[in-house]
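# Inside the fold
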Amino acid sequence: MAAQKRDAAIVGIYEYPLRKAPGVTPLQIKADCAAKALADAGLSWKDVDAVYDAQDGAGMSGLSLPEYFGFKPNVIDTTAVGGSSYEFHASHARRAIASGKAKVALLTYGSTAHSDSRAIGTGGGGMGAGAPSPLDNMQSPYGMTLIANYAMVAHRHMHQYGTTGADLARIAVATRAHAVRNPEAVQAMTDLLYVGTGEITVDDVLGSRMVADPLHLLDCCMVSDGGGAVVIASADVARDCKKKPVWIIGSGEATKYSENGGDLTVSAAAQSGPVAFGEAGVKPSELDIAMIYDSFTITVMVMLEDLGFCKKGEGGAFVSEQRLRWDSPLKPALNTDGGGLSSNHPGMRGIFLLLEAARQLRGESTSQRAGAKLAVAHGNGGMLATSHTGGTIILAAD
Amino acid sequence: MARPQPRFPEPDTQPFYDATKEHRLTYQQCNSCKNVVFYPRAHCTACGSRDLAWKDSKGVGTVYTYSVVRLNRHPAFAPLGPYAVAYVDLDEGFRILTNIVGVNDPLTDVKIGQRVKVQWEDQESGIALPMFAPA
Ligand SMILES: [Zn+2]
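Right, let's walk through the structure included here. (Residues numbered from 1 in each chain as written. Chains lettered and ligands numbered in written order. Predicted model: local features only at pLDDT ≥ 70, side-chain atom pairs only at ≥ 80, totals over all residues. Heavy atoms only, no water.)

All names here are of chain A. In spatial order, the strands read 3-2-4-7-1-8-12-11-9-10; together these 10 strands make up an open sheet with mixed pairing. Every interior strand has two partners, whereas the edge strands, strand 3 (75-77) and strand 10 (333-334), have only one. One ladder, built from 2 bridges, connects strand 9 (residues 289-292) with strand 10; its direction is parallel. The residue of strand 10 that forms the bridge with Ala290 is Leu334. (Pairing = 2+ DSSP bridges. Helix = DSSP H or I, 4+ residues; strand = E, 2+ residues; numbered from the N terminus.)

As structure tokens, then:
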């Protein structure tokens, strides 16, 4: 680990506490979180010289966001690749800081998906917005919901490797165990009318309503309101911040899409992961914490394999060893905030992966893994079967 | 309510849907590198060439993967009951998103690896949608 570059670090974090936030706008959530993340770092509004945005609050946001916030940044990046946008942003912020273009970068997210009553997972096959596209024209007549998109990957994974519904369920069980320890997640499940807000079993998952075979209701994330902010700063700024820096030591970006003859069980993580781990000079087996985008249990299964925590197809055996829990002696602990499954999923979860990974490496998690030194945040954006992006960020404690 | 329909003008997929009016399932092959291109485009995804030939498929293939949708709030699909969405690998080497039809119960009668054959569903707009039934 001696050769790692430590040019940029996460120095400020804030997660919007509510998952049901009627009467506020995504832009208001973003600005609120920005101020609190800067305060967490001991920095001020005027210190921000780089703005990253996934176009969640307003259109043409490279123009509209600085204007709304009142910033005059030197670096503006509006990479919008779905839920992994924030891992892309962290990667880009690190590059901009390393090159000397910026010193303090701000990433924000705000969403009122729940209050807007968006049927994200079960809407579908719909079209009619925007210009016609060839992919839409070939897909929209068939009623493939977002959940069915992921379910098709799950079915293929089961067929190809013998993965079972119980294997997938173990991911939801471990994640819920973490949610139960996180008061904001418990409040989220309460506000979003979860049937139960306590720990769950494999049988609970398998006994929950089938939504799109082979995915059950408890294999699926919630649709919440929410948001957050991350402040990334240069090494010299980081040294004077209030909290210990959490260093960004590796990053990778990739896309993956359905191809003729392609293997749908392999995600973009198989491309972005090795780049990020290679840059960081660490092996997956050394990682204490895995914050992996859990839109669905299958998403985590596929990405644990693709990131190299186990061999392709061996995810079922890997998750069955109780290693995912915060208090397990085995690495890594998974989604210790309660994940998208049981804590927070307003549509683009990527920022929460960075937030909880940083909390772990600061020692501030509600399910703190003792002595956590290394974490990965892997975001997934888009649709797992059709086309998606993967962004991998490797983080190290100071 | 009708299923969502492809929308035009959309020049990449127009020839494909024109052929469906005659119940022909078509795909493209690059004249330069022989790569099979699908969904339809004006360029080869392997080499960038714009010299593509349209070909007729025999319409026979294998279920690569599927899901049975139990809940879709869209009014065209909500009344259908459980229905199977699938990727089918055609014998000519292209993969299509489709529905599996012609089975008694999609919950038990659709399998990965199953051989299937195209079955057309005519639409009011004049085009037809390629769906697949057990071969
Ligand atoms: Zn070619």
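Residues and elements named next belong to chain B. Listed as protein donors to the zinc ion are Cys30 (SG), Cys33 (SG), Cys44 (SG) and Cys47 (SG); their distances from the metal cover 2.3 to 2.4 Å. Here the zinc ion binds 4 donor atoms, and the angle range of 106 to 118° at the metal identifies the geometry as tetrahedral. Here the donor residues of the zinc ion are spaced in sequence according to C-x2-C-x10-C-x2-C. Placement of the pair is Cys30 in strand 1 (residues 26-30) and Cys47 in the loop between strand 2 (36-37) and strand 3 (52-56), with a sequence separation of 17 residues. Judged by its relative accessible area of 41%, Cys47 falls in the partly exposed class. (Donors = N, O, S within 2.8 Å, 3.2 Å for Na, K, Ca; no water. Tetrahedral: all angles 85-135°; square planar, octahedral: opposite > 155°, others 65-115°. Buried < 20%, exposed > 50% of the residue type's maximum accessible area, 1.4 Å probe, protein only.)

Moving on: the pairing of strand 6 (residues 95-100) of chain B. Residues and elements named next belong to chain B. Most of strand 6 sits inside the fold, with 6 of its 6 residues counted as buried. Side chains Arg95, Leu97 and Asn99 of strand 6 all project onto a buried face; the interleaved residues Ile96, Thr98 and Ile100 project onto the opposite face, where all are buried too. Connecting the antiparallel pair strand 5 (residues 83-90) and strand 6 is a turn made up of 4 residues, with Gly93 showing a positive phi of about 100°.

As a further point, take the packing of aromatic side chains. Scanning all chains against the criterion turns up 13 aromatic pairs over all chains. Each member of the aromatic cluster is reached from another via a ring pair, and the members are Phe8(B), Phe16(B), Tyr17(B), Tyr27(B), Phe38(B) and Phe94(B). The cationic tip of Arg181(A) hangs over the ring face of Trp326(A); the distance from NZ or CZ to the ring centre is 3.7 Å. Above the face of the Tyr39(B) ring, Arg41(B) is positioned so that its terminal group lies 3.7 Å from the ring centre. (Phe/Tyr/Trp six-rings, centres within 6.5 Å; stacked < 30°, edge-to-face > 60°. Lys NZ or Arg CZ within 6 Å of the ring centre and 35° of its normal.)

Moving on: unusual backbone geometry. A cis amide bond links Lys331(A) with the next residue in sequence, Pro332(A), at an omega value of -5°. Summarising the element assignment, Pro332(A) is placed in the loop between helix 12 (315-319) and strand 10. With an omega dihedral of 10°, the bond running from Phe8(B) to Pro9(B) counts as a cis peptide bond. Within the element layout of this structure, Pro9(B) appears in the segment before helix 1 (14-20). The phi angle at Met60(A) is positive, at roughly 40°, despite the residue not being glycine. Looking at the secondary structure, you find Met60(A) in the loop between strand 2 (50-52) and helix 2 (61-69).

A few words on the environment of Val302(A). All names here are of chain A. By the secondary structure assignment, Val302 is in helix 11 (residues 297-306). Val302 gets classed as buried once you look at its relative accessible area, which sits at 1%. Residues Val302 and Ala268 lie 34 residues apart in sequence; the distance between their C-alpha atoms is 9.9 Å. Setting aside residues up to four positions removed in sequence, Val302 forms contacts with Val153, His157, Thr265, Ser267 and Lys312. (Contact = heavy atoms within 4.5 Å.)

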